[in-house]
Structure formats: C-alpha cells, structure tokens
Amino acid sequence: MNTPIDIEIDIAAGTTSPPAFNWDEWYEGIGGRSNAIPEVMEYRRRIQEEQYPRFEGPVAPVRHPFASPEEAAAAVKAKAEEFGADIVGICRIEPSDIYRGRSVTETYAIAVGQRMRWKEFQVVPSEAAGIECMRVYHSLGETVIRLAEYIRSLGWSCSVEHPIGDSDLLHVPIALKAGFGELGRHGSIIHPKLGPLFRMGSIATSIPMAIDHPIDAGIAAFCDKCRACRIYCPANAVPDHRSPEAGKDHLGNDRYMIDTGRCFPYFARNNYCSACLPVCVYNHKEWARDFETGEPTKIFPEVVMVEPPPPFDGVEQERRHQYPRLNRTRPK
Ligand code: SF4
Ligand code: SF4
C-alpha cells in the first residue's frame with residue numbers, strides 16, 4: 001500500500017511529468033492538514049534539501065568488469081548491506097512496475113528494505129510511530145543514494161528511486177519480484193523474518209546481474225484466515241475479501257484492495273496511523289529481536305480507535321497516486 005506519508009512531500013516545480021496529485025486540494029477536502037510533528041517536518045526538510053541534490057552524480061568513464069552476473073549481483077548486494085539495507089533483492093523491470101506516464105530505460109531494479117523499530121509502534125496511531133516511519137525513509141534514502149554512488153563508480157549509470165516522494169518505480173511489485181515476501185491483506189508486503197514493519201526504496205540500473213525470484217512462504221494464504229488488521233483498522237479500510245477487479249498478486253491470487261478513500265483521511269488526521277502494521281501477526285520475530293535489546297515492549301500494540309472521519313474521494317481517479325518527479329536529467 002502506498003500511503004500518504006510516502007507521497008505528500010512537496011516536489012519542486014518545473015516538470016513535464018503527469019499532473020501532480022493535488023495534495024492541497026485533497027487536504028482541503030478533509031478540513032486541512034492536521035499532522036505537523038516537528039521531527040517529521042525536520043526529516044522531510046533533510047530529504048528535500050540534503051538528499052534530492054545527491055540523486056545524480058558523475059559516472060566513471062571505465063566500466064568495472066564483473067566475471068558473471070552472479071558476481072555483479074553479489075557485489076551490489078554486499079554494498080547495499082554495508083550501506084544499511086536489512087533486505088536486498090534484484091529483479092527485471094517490466095512496464096507494469098513503472099508509474100503511469102513515466103518511463104524507465106534501465107533493465108534491473110535493486111530493491112532495498114530497512115526495518116522499522118517495533119518499540120516505536122507500541123501505541124498506534126502515535127507521534128512516535130509517525131517519526132519512526134520518517135526516520136527510516138531518511139535513513140533508507142541514504143542507503144539508496146550511497147548505493148547509486150557505488151554503481152556510478154563502477155562505470156554504470158543508474159537512477160535513485162527514493163522511498164518517498166519521487167520514484168518512477170512502484171516499490172511494491174518490484175520488491176515482490178525480488179523475493180521480499182508476500183502481499184498481506186493490509187496491502188503491505190510481509191517479509192518472512194521482518195514482518196511488515198519495513199520500508200522500501202530501489203535503484204534502477206542496467207548492470208547485468210543475476211535476479212532473485214518471488215517467494216511463497218504461505219503468508220498470503222494465512223491472510224485468508226487471519227483478520228487482525230481488518231479488525232483493528234479504525235477506519236474500516238481493510239477489506240473482508242479479495243477483489244478480482246484489483247488484479248493479481250505475484251502468486252496469482254486476487255489482491256486485497258484497501259479503501260484509500262477511508263484510510264487516507266484517518267491517516268492524515270491521526271499521526272499517519274499505521275495501525276495495520278504492528279497488529280499484523282507476522283511481527284512476532286521482530287518482537288523477539290527487540291526483547292533482546294532489553295527494552296520493554298508489549299506483545300500487542302495499543303490501538304487508539306477514534307471515530308473515523310467520513311470517507312473522502314475528492315480527487316478524480318486518474319490523478320490519484322501521481323506526483324511529479326524532480327526536474328532532473330539522468331545521464332545514460
Ligand atoms: S489501520 Fe490505519 S493505515 Fe492501516 S488501512 Fe486502516 S486507516 Fe489505513
Ligand atoms: S494481520 Fe493477519 S490478515 Fe492482516 S496482513 Fe497480517 S497476517 Fe494478513
């Protein structure tokens with residue numbers, strides 16, 4: 001699921017990309033912006049002012065010779081982990097992985113993920129949870145930018161697909177193909193070890209690399225019986241059933257379709273909500289990890305379920321989930 005915290009950052013003007021999702025219009029429709037956590041605002045500022053200018057850089061004139069695609073993939077993955085990725089995988093880019101109206105000429109996507117700390121999701125919605133989302137967006141931004149610098153030093157161009165605000169690639173289908181996990185009822189990917197509490201970014205490049213493959217760990221099948229996220233969604237936005245009209249997941253299942261017209265207004269007024277992530281039963285391994293640190297954590301979060309605002313679908317369908325990318329050029 002692509003939530004508003006992913007895409008509400010104001011992007012610089014001066015683009016020929018498709019029409020922007022009009023967040024001002026949208027927020028106006030629900031009564032104005034109500035989330036203004038200082039730490040979140042500071043991460044947003046650092047991403048815009050300090051990270052965006054580093055999306056591009058010089059490409060080394062001579063290409064590093066890898067002995068095989070497997071060697072290239074291993075080298076790139078090792079660097080991604082060195083730069084802070086908790087999970088990394090590679091897949092081929094297909095047209096369906098690209099945002100409507102955009103184009104990507106590179107062949108491969110390197111998907112990277114970074115875990116969020118369970119202890120920050122003890123109460124949801126909460127300022128602590130909202131800050132943790134943005135902390136990881138910033139930290140993961142550093143990971144993808146440094147990985148891009150490494151790839152350019154090998155003599156290959158690439159593009160940074162930042163975890164928020166400015167990406168040509170759809171992170172979810174990319175990560176599913178790269179073997180990150182399975183799509184849960186709540187619309188987020190569930191990793192067999194990390195659960196759903198992680199964020200994603202990626203790099204697009206054409207270095208010949210061995211690719212990874214989607215997994216079937218029985219998670220999606222489990223979702224058909226479990227309804228925890230459905231029960232604890234305060235906005236009643238998580239569906240009861242799979243929807244044939246929502247398309248297929250990587251295992252060929254009809255997808256669950258989140259009602260974004262219900263989710264987003266709640267999300268916008270309640271510290272970016274995120275309740276569906278920590279209540280997911282696939283967090284059990286994350287709990288164990290945080291117990292190891294000695295920090296007191298709950299086995300199940302406290303979910304603050306206030307009265308949801310009315311659903312809002314005030315922006316026409318074809319303009320949803322679209323936003324302009326930066327006015328930037330990408331050397332090939
Ligand atoms: S739990 Fe919160 S973030 Fe998740 S779908 Fe419901 S309203 Fe949206
Ligand atoms: S809470 Fe249950 S139904 Fe929802 S995504 Fe997690 S495992 Fe699936």
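Our structure's up above, just so we're on the same page.
Notes on the structure follow. (Residues numbered from 1 in each chain as written. Chains lettered and ligands numbered in written order. Predicted model: local features only at pLDDT ≥ 70, side-chain atom pairs only at ≥ 80, totals over all residues.)

## Examining the site of ligand 1
What surrounds ligand 1 is a group of 14 residues, the closest being C233, A235, C263, C273 and C276. Along the lines of polarity and charge, the residues of the shell around ligand 1 split into 12 nonpolar, 2 polar and no charged. (Near = placed C-beta within 6 Å. Nonpolar A, V, L, I, M, F, W, Y, C, P; charged D, E, K, R; others polar.)

## Some remarks on the packing of helix 3 (residues 38-51) against helix 5 (residues 127-153)
Helix 5 packs onto helix 3 with a crossing angle of 15 degrees between their chain directions and a minimal axis gap of 8 Å. By the angle class used here, helix 3 and helix 5 are roughly parallel. When you trace helix 3 past helix 5, the crossing you get is left-handed. Within the contact between the two elements, helix 3 uses E39, V40, Y43, R44, R46, I47 and Q51 and helix 5 uses G130, I131, M134, R135, Y137, H138, G141 and I145. Class assignment of the residues belonging to the contact of helix 3 with helix 5 gives a composition of 7 nonpolar, 4 polar and 4 charged. (Axes fitted to C-alpha atoms, helices over the stretch in contact; angles between N-to-C directions. Helix = DSSP H or I, 4+ residues; strand = E, 2+ residues; numbered from the N terminus. Parallel < 35°, antiparallel > 145°, perpendicular 65-115°, else oblique. Left-handed = near helix turned anticlockwise from the far one by under 90°. Contact = placed C-beta atoms within 7 Å.)

## A few points about the environment of A204
Secondary-structure assignment places A204 in strand 7 (residues 198-205). According to the C-beta neighbour criterion, A204 is buried, with 26 such atoms within 10 Å. Expressed as a C-alpha distance, the spacing of A204 and T105, which sit 99 residues apart in the sequence, is 8.6 Å. For A204, the residues in contact, after removing those within four places along its chain, are I93, V104, E106, A109, C158, S159, E161 and L169. (Buried ≥ 20, exposed ≤ 12 C-beta atoms within 10 Å, placed from the backbone.)

## A few points about the site of ligand 2
Around ligand 2 sit 13 residues in total, of which G184, C223, C226, C229 and C280 are the nearest. Split into classes, the residues belonging to the shell around ligand 2 amount to 9 nonpolar, 2 polar and 2 charged.

## Brief notes about the sheet that holds strand 7
One open sheet accounts for 4 strands, arranged 1-2-7-4; its pairing is antiparallel. At either margin of the open sheet sits one strand with a lone partner, and together these are strand 1 (87-92) and strand 4 (158-161). Taking the axes of each pair of neighbouring strands and ignoring which way they run, one obtains an average angle of 20 degrees across the sheet. Direction of pairing for strand 2 (residues 108-115) relative to strand 7: antiparallel, over a ladder of 8 bridges. Within strand 7, the residue paired with A109 across the bridge is A204. The sheet contacts of helix 4 (residues 69-82) involve strand 1 and strand 2, and relative to strand 1 the element is tilted by about 145 degrees. Where helix 5 meets the sheet, its contacts fall on strand 2, strand 4 and strand 7, and the angle it forms with strand 7 comes to roughly 20 degrees. (Pairing = 2+ DSSP bridges.)

Shape is all these values report; function is a separate question.
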